[in-house]
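# Overview (structure and organization)
What follows is each chain in one-letter form.
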Amino acid sequence: MLTDINNVPIDQALKENGYVIVDGLIPDEMIQNLKDACERSVNKARNGEWKHCRYVGTQFPPWTEGTDVWGVQHLLHPDLQENIFAQWYGSPKLVEAVCQLLETTPENLQMELFNLLINPEERDFDLTWHRDSVPAETAEEEEKEKLKVPHYGTQWNTALYDDECLFVVPQSHRRVRTPDERDITINDPKSHKMPGQLQVHLKPGQTVFYDNNILHRAAYFKSSKRATLHASMGTIDGGHFRAATIFQHGLDWMDTDAFRQQLPESLEKPYANVCAMAARANEGKFAVKPIHEGL
């Protein structure tokens, strides 16, 4: 059983606090290779060779305008030619952590998103306070019902350099917003004065898993080098709850021979499972209309 930095089982810590920090999910022999692959990917994104980017000024997909990059999308895309990302995404320790958090087995996992969060170069950039699956304008009773829906998935940030960009409100993931929280998320969503906010400090190699219903935001600082692996996995039980969030990012390239040929054996079943979800949810397509939610 994996434990967090305070020696608490990671599934217990996540349920109680809405986030959990874990050490050691990157094998020592992979760390430098991942850094090198990120450096190459960032260079491609910033010089225009890679078009799948997140641009300053836009928080959710689609990212169609801008020049200052704060995220590199689709690290598993075969055209990026960086197989180290797939090797880590299917690595034993990471899969073990995901299975423990989701209370499932590797056979029931499904592949989802894998992106890279980086520092912008031109100006700092704040994301708004939000829950991934509950829009800010949601009425209290509806919010209460939405918070009861199981996630069937987990998401995480793994830092390759010191990272202090994520802010959360601990234990906010299973309750409706307070009047002050509601006011901020609707009227001042980039506020730096959210009651009870916590800045998450990650050392190189540390991972934070967080409940996507926790109140959270991020701050991107141009002065601090950032390369943080930002990913998610789900289970076969998720159905349309996962499909709507995942496929809005446009994953058509996953339905290609080039993609299938680069997969390590550990990801073959999770890939088959996400294909099955696409078939059920969207007539076999790996893309849906953006819903402005999710990673």
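See the structure above.
It should be emphasised that the depicted structure is a prediction, and the values quoted were computed from it without experimental measurement. (Residues numbered from 1 in each chain as written. Predicted model: local features only at pLDDT ≥ 70, side-chain atom pairs only at ≥ 80, totals over all residues. Heavy atoms only, no water.)

### Quick word on the nonpolar core
Cut-off, in case you're wondering: Definition of nonpolar core: a set of buried residues of the types Ala, Val, Leu, Ile, Met, Phe, Trp, Tyr and Cys, connected through side-chain atoms within 4.5 Å. Burial classification: accessible surface area is computed with a 1.4 Å probe over protein chains only, and a residue below 20% of its type maximum counts as buried, one above 50% as exposed, and the rest as partly exposed. Should any heavy atoms of two residues lie within 4.5 Å, those residues are considered in contact.
Core analysis: the biggest nonpolar cluster contains 65 residues, and Phe 85, Met 111, Phe 209 and Leu 229 have the highest contact counts within it. Once you skip the residues sitting within four places of it in the chain, Leu 229 turns out to touch Leu 34, Cys 38, Leu 75, Phe 85, Trp 88, Phe 114, Asn 115, Leu 116, Trp 156, Asn 157, Thr 158 and Leu 160. Counting 10 residues, the second largest nonpolar core, distinct from the first, contains Ala 159, Leu 202, Val 208 and Ile 214.

### Focus: the sheet that holds strand 1 (residues 19-22)
Selection rule: Two strands pair under a simple rule: DSSP has to find at least two bridges between them. Each helix is a run of H or I in the DSSP string that is no shorter than four residues. Each strand is a run of E no shorter than two, and both are numbered from the N terminus. Where helices are involved, their axes are fitted lines through C-alpha atoms of the stretch in contact, as for all axes, and angles between N-to-C directions lie from 0 to 180°.
If you trace the seven strands from one edge of the open sheet to the other, you get 1-9-6-11-4-3-2, paired in antiparallel fashion. Whereas interior strands pair on both sides, the edge strands pair on one side only; in this sheet they are strand 1 and strand 2 (53-55). Going from strand to strand, the sheet's axes swing by 20 degrees on average, the running direction of each strand aside. For strand 3 (residues 69-72) and strand 4 (residues 109-118), the ladder comprises two bridges, and the chain directions are antiparallel. Across the sheet, residue Gly 71 finds its bridge partner in strand 4, namely Leu 117. Against the sheet, helix 4 (residues 92-102) makes contact with strand 4, strand 6 (153-159), strand 9 (207-210) and strand 11 (227-235), and its axis sits at roughly 140 degrees relative to strand 6, the strand it touches most.

### So, the pattern of salt bridges
What counts is decided by this rule: For this analysis, a salt bridge means a side-chain nitrogen from Lys or Arg found within 4 Å of a carboxyl oxygen belonging to Asp or Glu.
Applying the stated criterion to the full structure yields 15 salt bridges. Between Glu 143 and Arg 177 there is a salt bridge, with the nearest N and O atoms lying 3.1 Å from each other. Taken together, the positions of Glu 143 in helix 5 (residues 140-146) and Arg 177 in the loop between strand 7 (166-168) and helix 6 (179-187) put the pair 34 residues apart, joining distant regions of the chain. A single burial state applies to Glu 143 and to Arg 177, both of which are buried. One network of salt bridges, in which partners are shared, links Arg 131, Glu 143, Arg 177 and Arg 182.

### Focus: helix 2 (residues 28-46)
To keep things clear, this is the line we draw: Multiply 1.5 Å by the residue count of a helix minus one, and that product is the helix's expected span. By arc we mean the arc of the directions from the helix axis to the C-beta atoms, nothing more.
Taking 1.5 Å of rise per residue, 19 residues should cover 27 Å, and helix 2 covers 28 Å from first to last C-alpha, within 8% of that figure. For helix 2, the full list of buried residues reads Met 30, Leu 34, Ala 37, Cys 38, Ser 41, Val 42 and Ala 45. The buried residues of helix 2 occupy one face: seen down the axis, they fall within an arc of 140 degrees. On its buried face, helix 2 is in contact with strand 2, strand 3, helix 3 (84-89), strand 4 and strand 11. Gly 48 sits one or two residues past helix 2 and shows a positive phi near 90 degrees.

### Looking at the sheet that holds strand 7
Taking strand neighbours across the sheet as the criterion, the four strands line up as 5-10-7-8 in an open arrangement whose pairing is antiparallel. The two strands at the open ends of the sheet, each matched to only one other strand, are strand 5 (125-126) and strand 8 (198-199). Note that strand 7 and strand 8 share two bridges and pair antiparallel. Looking across to strand 8, one finds that Phe 167 is bridged to Gln 199.

### Comments concerning the layout of surface pockets
Note the following rule: Using protein atoms alone on a 1 Å grid, points that fit a 1.4 Å probe yet trap it form a cavity, whereas open point sets bounded by protein on both sides within 12 Å along at least five of seven lines form a pocket; residues with an atom within 4 Å of a point count as lining. Grid points are joined across faces, edges and corners, and a volume is the space filled by probe spheres set on the points. Ten residue types, Ala, Val, Leu, Ile, Met, Phe, Trp, Tyr, Cys and Pro, are classed as nonpolar, four, Asp, Glu, Lys and Arg, as charged, and the remainder, Gly among them, as polar.
Taken as a whole, the largest pocket encloses approximately 520 Å³ of empty space. Lining the largest pocket are 24 residues, and of these Leu 101, His 151, Tyr 152, Gly 153 and Asp 211 sit closest to its centre. Going through the elements one at a time, helix 1 (10-17), helix 4 and strand 6 are the ones with two or more residues in the lining of the largest pocket. Across the lining of the largest pocket, the residue classes break down as eight nonpolar, nine polar and seven charged.

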